[in-house]
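One letter stands for each residue in the lines below.
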Amino acid sequence: MTSGEGTGGAAERSALREIRDWGRRYLDNHPLASLHTVGGQFVLAIHTFQQLFSDIVTRRFQFGEFIRQAAFMAGTAFTPTLFVTIPIGVTLSIQFSLLAGQVGATSLAGAATGLAVIRQGAPLVAAILLAAAVGSAVCADLGARTMREEIDGMKVMGVSPIQRLVVPRFVALLMVAIALTGVTCFVGFVAGYMFNVYMQNGTPGSFVATFASFATVGDLVLALVKSVVFGSIVAIVSCHKGLDTRGGPAGVANSVNAAVVESILLLMVVNVVMTQLYVIVFPRETL
């Protein structure tokens, strides 16, 4: 064996050893890091609710910061949510109209569209846009403050970052999530109606009648409850990732990426659980 082959074999073994060591470190550290993240977010959620209740009782709620954050969040998320809701409503109308036509129930296109938009589409679209557009901005803002040591400075001066920064953003996200869900329900209905009536030659009266028959007030209440839960998840995850940022500017980018990914994954899981619980507790009555 030549010296070149020996050097190449040693380099290959070294590379394999590095990969093996990295995999071992990942398996050893990842569960602990995940437990630390979940625990930190749970503690932050408890402290946020406690501080919110205390601020309301003592009238120390940061109303000005809440208004600024709510205006920023609404302006950031409204237009993307609108332009995402329209194609989703049209796509649902197309798919359910085709399915209804195949089974000979074209008059039920409005019912299927209503259930899909109100129960699932509206809260999920609003929450995902909140996580992508608003949650990332909140995480980047708090992460940059953490890197500039503003958070540590507030603690040294006896100012609670949760009271001044987290609580106003939390309440603003809840309000914006509810408002965006309502807008998404309305826009999704209008988009589905317009496409079904004017592009698929559907009957306006049949669409509205079946929509009202299947999509009940309970479905709208479920959508609004989902929006509150989803908004809370996005707010807590984004604020925690921002306050837990470390590693300089690159750490801020990593925190934003982690906040968006974790928020969307949690939203999907919680949506399945809430939908299944609603179906079990409030079964659909026959017409």
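Before reading further, recall that the structure is shown in the block above.
Keep in mind it's a predicted model, so treat the numbers as computed, not measured. (Residues numbered from 1 in each chain as written. Predicted model: local features only at pLDDT ≥ 70, side-chain atom pairs only at ≥ 80, totals over all residues. Heavy atoms only, no water.)

### Quick word on the overall build of the protein chain
Part 1: Across its full length, the protein chain holds eight helices and zero strands.
Part 2: Ordered by position in the sequence, the α and β elements of the protein chain form the string α-α-α-α-α-α-α-α.
Part 3: Residues classed as buried in the protein chain amount to 40% of the 287 residues present.
Part 4: Nonlocal contacts in the protein chain, meaning residues at least 24 apart in sequence, comprise 85% of its contacts between residues at least 6 apart.
Part 5: Element-wise, carbon and sulfur atoms account for 69% of the exposed surface of the protein chain, whose accessible area totals about 15400 Å². (Helix = DSSP H or I, 4+ residues; strand = E, 2+ residues; numbered from the N terminus. Buried < 20%, exposed > 50% of the residue type's maximum accessible area, 1.4 Å probe, protein only. Contact = heavy atoms within 4.5 Å. Areas by Shrake-Rupley, 256 points an atom, 1.4 Å probe, with all protein chains shown as cover.)

### As for the pattern of salt bridges
Part 1: Throughout the structure, instances matching the rule amount to eight salt bridges.
Part 2: Asp 141 is the partner of Arg 145 in a salt bridge, and the nearest nitrogen-oxygen pair spans 3.2 Å. Taken together, the residues span about one helical turn, with Arg 145 and Asp 141 both in helix H3 (residues 109-147) at a distance of four residues.
Part 3: Classification of Arg 145 by relative accessible area gives partly exposed; the value is 22%.
Part 4: The salt bridge involving Arg 169 is made with Asp 141; its shortest N-O contact spans 2.7 Å. With Arg 169 in helix H5 (residues 161-198) and Asp 141 in helix H3, the pair connects residues that are 28 residues apart, well separated along the chain.
Part 5: Judged by its relative accessible area of 1%, Arg 169 falls in the buried class.
Part 6: The structure contains a network of salt bridges with shared partners spanning Glu 65, Arg 68, Asp 141, Arg 145, Arg 148, Glu 150 and Arg 169. (Salt bridge = Lys/Arg side-chain N within 4 Å of Asp/Glu carboxyl O.)

### Some details on the side chain of Gln 163
Part 1: Assignment of secondary structure puts Gln 163 in helix H5.
Part 2: The exposure class assigned to Gln 163 is buried, which follows from its relative accessible area of 13%.
Part 3: A distance of 3.4 Å separates polar atoms of two side chains, one belonging to Gln 163 and the other to Asp 55. (Polar contact = N/O pair within 3.5 Å; in protein donor to acceptor, adjacent residues only side chain to side chain.)

### Re the side chain of His 240
Part 1: Structurally, the position occupied by His 240 is in helix H7 (residues 217-243).
Part 2: Here His 240 falls in the buried class, since its relative accessible area comes to 9%.
Part 3: Not counting chain neighbours up to four residues away, the residues in contact with His 240 comprise Thr 37, Gly 40, Gln 41 and Leu 44.

### Things to note about the environment of Val 190
Part 1: With respect to the helices, strands and loops of the structure, Val 190 is situated in helix H5.
Part 2: Given a relative accessible area of 30%, Val 190 falls into the partly exposed group.
Part 3: Between the alpha carbons of Val 190 and Val 90 there is a distance of 9.4 Å; along the sequence they are 100 residues apart.

### Describing the state of the cysteines
A covalent bond between the sulfur atoms of two cysteines is what we call a disulfide.
Part 1: Under the defined criterion, the tally for this structure stands at zero disulfides.
Part 2: Considering cysteine sulfurs only, Cys 139 is the nearest to Cys 239, which forms no disulfide, with 8.6 Å between them. (Disulfide = S-S within 2.5 Å.)

### Some details on the packing of aromatic side chains
Part 1: Under the defined criterion, the tally for this structure stands at three aromatic pairs.
Part 2: Geometrically, the ring pair formed by Phe 49 and Phe 170 is edge-to-face, given 5.3 Å between the ring centres and 80° between the ring planes. Of the two residues, Phe 49 is situated in helix H1 (residues 3-58) and Phe 170 in helix H5; the sequence distance between them amounts to 121 residues.
Part 3: On the basis of an interplanar angle of 45° and a centroid distance of 5.9 Å, the ring pair of Phe 63 and Phe 66 is categorised as tilted. (Phe/Tyr/Trp six-rings, centres within 6.5 Å; stacked < 30°, edge-to-face > 60°.)

### Notes on the packing of H7 against helix H8 (residues 248-281)
Part 1: In the contact formed by H7 and H8, the axes pass within 9 Å of each other and the chain directions differ by 155°. As the angle between them shows, H7 and H8 are arranged roughly antiparallel. The chirality of how H7 crosses H8 is right-handed. In this structure, H7 contributes Gly 218, Asp 219, Leu 222, Val 225, Lys 226, Val 229, Phe 230, Ile 233, Val 234, Val 237, Ser 238 and Lys 241 to the contact, and H8 contributes Ser 255, Ala 258, Ala 259, Glu 262, Ser 263, Leu 266, Leu 267, Val 270, Asn 271, Met 274, Thr 275 and Tyr 278.
Part 2: In the contact of H7 with H8, the residues fall into 14 nonpolar, six polar and four charged. (Axes fitted to C-alpha atoms, helices over the stretch in contact; angles between N-to-C directions. Parallel < 35°, antiparallel > 145°, perpendicular 65-115°, else oblique. Left-handed = near helix turned anticlockwise from the far one by under 90°. Nonpolar A, V, L, I, M, F, W, Y, C, P; charged D, E, K, R; others polar.)

### Considering the packing of H5 against H7
Part 1: Orientation of H5 relative to H7, taken along the N-to-C sense of each, is 145°, at an axis distance of 8 Å. Pair H5 / H7 crosses with right-handed handedness. Across the interface between the two elements, Val 166, Phe 170, Leu 173, Leu 174, Ala 177, Ile 178, Thr 181 and Cys 185 of H5 pack against Leu 220, Ala 223, Leu 224, Ser 227, Val 228, Gly 231, Ser 232, Val 234, Ala 235, Ile 236, Cys 239 and Leu 243 of H7.
Part 2: Among the residues forming the contact of H5 with H7, the class breakdown is 16 nonpolar, four polar and no charged.

### Examining the nonpolar core
As a rule of thumb, nonpolar side chains are buried together in soluble globular proteins.
Part 1: Counting 40 residues, the largest nonpolar core has Met 73, Leu 130, Val 134, Phe 170, Leu 173 and Leu 267 as its most contacted members.
Part 2: Every element with two or more residues in this core is listed here: H1, helix H2 (63-102), H3, helix H4 (150-156), H5, H7 and H8.
Part 3: Those residues within four positions of Leu 173 in sequence are excluded, and the remaining contacts are Met 73, Leu 130, Val 134, Gly 231, Val 234 and Ala 235.
Part 4: Within the second largest apolar cluster, six residues are counted, among which are Ala 122, Cys 185, Phe 211 and Ala 223. (Core = buried A, V, L, I, M, F, W, Y, C linked by side-chain atoms within 4.5 Å.)

Any functional reading would require information that these geometric values do not contain.
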